Amino acid sequence: MYFVLTGCMLMERKRSFRSSENRQPHSLKGWGGFLLIPVCLGGLLELGQEYLPVNRNGDWADFAANSLGCVLAALIAVAFRCNRCRSKDKDIPIEKG
């Protein structure tokens, strides 16, 4: 679930910056926040399960699995982005001046 959540957030970031006038085409700036938000959400939910009276137990292994899903989604997004950047750079002719 956290893999999909992080992937959706990163895709939305890409879509929203596509229409921005101040965008940098090959920038990875700001991706850390989109990774940090789902990790913190997973931690807060695990703490809530442990300390709130909901008849559930928080577990470090669940938090680690949630965080791993977030990190994997971010790594795949970065790899995809870098691969696209390289393929776009190959298509641009080099001007000799």
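Bear in mind that the values here come from a model prediction, so they are computed numbers and not experimental data.

Enquirer: How do you make sense of the packing of aromatic side chains when you look at a structure like this?
Expert: Any pair of aromatic rings gets described here by the distance separating the centres and the angle formed by the planes. For the coordinates displayed, the defined rule picks out one aromatic pair. Arranged with centres 6.2 Å apart and planes meeting at 80 degrees, the rings of Trp 60 and Phe 63 form a pair that is edge-to-face. Here Trp 60 and its partner Phe 63 are both found in helix H3 (residues 60-91), three residues apart, which amounts to about one turn of the helix. Residue classification places Trp 60 among the exposed residues on the basis of a relative accessible area of 73%. Phe 63 sits in the partly exposed class, given a relative accessible area of 24%.

Cut-offs applied
Residues numbered from 1 in each chain as written. Predicted model: local features only at pLDDT ≥ 70, side-chain atom pairs only at ≥ 80, totals over all residues. Heavy atoms only, no water. Phe/Tyr/Trp six-rings, centres within 6.5 Å; stacked < 30°, edge-to-face > 60°. Helix = DSSP H or I, 4+ residues; strand = E, 2+ residues; numbered from the N terminus. Buried < 20%, exposed > 50% of the residue type's maximum accessible area, 1.4 Å probe, protein only.

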